[in-house]
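Summary of the model geometry
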Amino acid sequence: MKKPITAVLIGAGQRGADVYGSYALKKPEDIRIIAVAEPDKEKREGFTASHSLPPDSSLTHWKDLLAKGKIADVAIIATPDEDHVEPALSAMTLGYHVLLEKPIAKSALDCMKIVNQARKTDRILQIAHVLRYTHFYSTIQKVITSGEMGRIANFSLRENVAYYHYAHSYSRGNWHNRDIANPMILAKCCHDLDLMRWFSGSKALHLSSFGNRKYFGPANRPHGAPERCTDGCPVQKDCLYDAVRIYLEEIPLNKNIWPASVISRDQSREGRLNALKEGPYGLCVFNVKDHNVVDHQIVNCEFANGITGTLTMHGFSHKEGRTIRIDGTKGTLIGDFLADRHRLTFYTPLNKGEKILIDTKAPGGHGGGDQGLLKRFTDLVRNQDTRANHIDIDQALEAHILAFAADSARLENRVVDMENYKRELDSIFTQSPGR
């Protein structure tokens, strides 16, 4: 019988507690969390109780946890985006293998620093690019590499963010300000850019990007709309983004269901209502003072092997999910990776064939990707397979660099030569202190 991998958890929020913590409770034979660091008292105490941790293994700050030395096999880091660098570097220095939430870091240089540390210390560093580990996207990759589609010419990915998700995460929530968190193309789409790199099987040569904040600003604030949805808005019944309806009516009360689970640990009507009255999730989406992220953006790539690809991201979808089309010289793949359903169809024009490869309800978190990610990580750690992992992190780093390049291309209205862009980054990185 295999021995469970032991872990310390840094950050017991939605991903840390609800995804990684839940997996550990369901799969105790695979991984066991023996200590936690979380600054929020309520979250920390809830996690401590559910995992039956002793008091001295429940700490406020990650520095206090790592000050204990290496007390487990791995460290899972699920802190906010801007707080990844120091704990990741420190944990690998101590000897921990690390599972790190995406995105890796807020800047390309910090991403490079973390990846370089994994190589220097010969640690396994798993980046949470969960879509690679879904049945849906791994099936697409198998079809591509099998040659059934012939030579790939073009692919088109769409990240269709539902209206309520955009309002929750990118207008009212943690990612509403690119200066505090990250640009949306990195925070939301480093998954998709990783898929572009994976499916193309080649490095990007050129990249352009366009997008803006078209709708979510003061100019579109309805006449008479107050600061908060709880303050008697005159257009409340006709507003798609009414927080009272979204959090109190559309999501069942007293159940820990995202996104209501994020706004308050008290999931009663009173608990959620108080959160809307006091916290950011009750604000009018058109009047969040420091909101400055795009609400739609496209990325266009030309790869070294001649494949072209596009990614479209927007925050106005009626339904949450990703869609994809890939055209090859012998066939076409069209897929829906939606919150409630996965469907993948392969069309072959020569014999007018149509083959449904996947048609199922969406399984588990991120379509099964959360579970697949954790299995990949624990397998790598058990086998001490740093070679395979370092191939993974090289590609993860490249996906992040594509995101930073897309942000630059959009802001500067230019086509980015990716080889020059990476050479410039490498030059700066080699001269940076403490790399």
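See the structure printed just above.
The structure reproduced in this document is the subject of the present report. Given the structure is predicted, the values throughout are model-derived calculations rather than measurements.

Reading guide: rules and limits
Residues numbered from 1 in each chain as written. Predicted model: local features only at pLDDT ≥ 70, side-chain atom pairs only at ≥ 80, totals over all residues. Heavy atoms only, no water. Helix = DSSP H or I, 4+ residues; strand = E, 2+ residues; numbered from the N terminus. Buried < 20%, exposed > 50% of the residue type's maximum accessible area, 1.4 Å probe, protein only. Contact = heavy atoms within 4.5 Å. Axes fitted to C-alpha atoms, helices over the stretch in contact; angles between N-to-C directions. Left-handed = near helix turned anticlockwise from the far one by under 90°. Nonpolar A, V, L, I, M, F, W, Y, C, P; charged D, E, K, R; others polar. Pairing = 2+ DSSP bridges. Polar contact = N/O pair within 3.5 Å; in protein donor to acceptor, adjacent residues only side chain to side chain. Patch = residues over 30% accessible without salt bridge, like charges linked within 9 Å, V, L, I, M, F, W, Y side chains within 5 Å. Areas by Shrake-Rupley, 256 points an atom, 1.4 Å probe, with all protein chains shown as cover. Salt bridge = Lys/Arg side-chain N within 4 Å of Asp/Glu carboxyl O. Lys, Arg positive; Asp, Glu negative; His and termini not counted. Charge placed at Lys NZ, Arg CZ, Asp CG, Glu CD. Disulfide = S-S within 2.5 Å. Phe/Tyr/Trp six-rings, centres within 6.5 Å; stacked < 30°, edge-to-face > 60°.

Looking only at helices and strands, the protein chain features 15 helices and 15 strands. On the principal axes, the C-alpha backbone points of the protein chain span a range of 60 × 55 × 45 Å. Across the 435 residues in the protein chain, those meeting the buried criterion constitute 57%. For the protein chain, the proportion of contacts with a sequence separation of at least 24, taken over those separated by at least 6, is 71%.

The next point concerns the packing of helix α9 (residues 190–200) against helix α14 (residues 386–412). At a closest axis distance of 8 Å, the pairing of α9 and α14 adopts a crossing angle of 115 degrees. By crossing handedness, the relation of α9 to α14 is classed as right-handed. Together, Cys190, Leu193, Asp194, Arg197 and Trp198 of α9 and Gln395, Ala396, Glu398, Ala399, His400, Leu402 and Ala403 of α14 make up the contact between the two elements. Taken together, the residues that form the contact of α9 with α14 break down as 7 nonpolar, 2 polar and 3 charged.

This next bit is on the pairing of strand β13 (residues 342–348). The buried fraction of β13 is high, at 5 of 7 residues. Sheet topology note: the strand β12 (residues 332–338)/β13 ladder contains 6 bridges and is antiparallel. The residue of β13 that forms the bridge with phenylalanine 337 is histidine 342. Between β12 and the antiparallel strand that follows it, β13, lie 3 residues. Strand direction decides the pairing type here: β13 and strand β14 (residues 353–360), joined by 7 bridges, are antiparallel. Bridge pairing in β14 links phenylalanine 346 to lysine 355. Between β13 and β14, which follow one another and run antiparallel, lie 4 residues, and lysine 352 among them has a positive phi close to 50 degrees.

All right, on to the side chain of glutamine 126 then. Take glutamine 126: it is sitting in strand β6 (residues 125–127). Within the structure, glutamine 126 has its side chain in polar contact with the side chain of tyrosine 133 (distance 3.2 Å). Beyond its immediate sequence surroundings of up to four residues, glutamine 126 is in contact with Val98, Leu99, Leu100, Tyr133, Leu373, Arg376, Phe377, Leu380 and Asn389.

A sheet is described by the order of its strands in space; here 6 strands give the open sequence β3-β2-β1-β4-β5-β6, paired in parallel fashion. The outermost strands of the open sheet, each flanked by one partner alone, are β3 (58–59) and β6. Examined bridge by bridge, strand β5 (residues 97–100) and β6 share 3 bridges and lie parallel to one another. In the strand pairing of β6, valine 98 is matched with leucine 125.

Taken together, the side chains of Asp40, Glu42, Asp266 and Glu270 define an acidic patch exposed on the protein surface. By the secondary structure assignment, glutamate 42 is in helix α2 (residues 41–50). With a relative accessible area of 49%, glutamate 42 lands in the partly exposed category.

Working definition: the covalent bond between the sulfur atoms of two cysteines is a disulfide. All chains considered together, the criterion is met by 0 disulfides. Cysteine 189 forms no disulfide, and the closest cysteine sulfur to it belongs to cysteine 190, at a distance of 8.2 Å.

Bringing the packing of aromatic side chains into the picture now. Inspection of every chain in the model, using the stated rule, returns 19 aromatic pairs. Ring geometry for phenylalanine 216 against tyrosine 241: centres 5.2 Å apart, planes inclined by 75 degrees, an arrangement best described as edge-to-face. With phenylalanine 216 in the loop between β8 (204–212) and α10 (243–249) and tyrosine 241 in the loop between β8 and α10, this pair connects stretches of sequence that are 25 residues apart. The class of phenylalanine 216 is buried, set by a relative accessible area of 1%. For tyrosine 241, a relative accessible area of 5% translates into the label buried. Ring plane angle 70 degrees and centroid distance 6.3 Å describe the contact between tyrosine 247 and tyrosine 281, whose orientation is recorded as edge-to-face. In this pair, tyrosine 247 is assigned in helix α10 and tyrosine 281 in the loop between α12 (269–278) and β9 (296–303), connecting sequence segments 34 residues apart. Assigned by exposure class, tyrosine 247 and tyrosine 281 land together as buried.

That is the geometry; function is a separate question.
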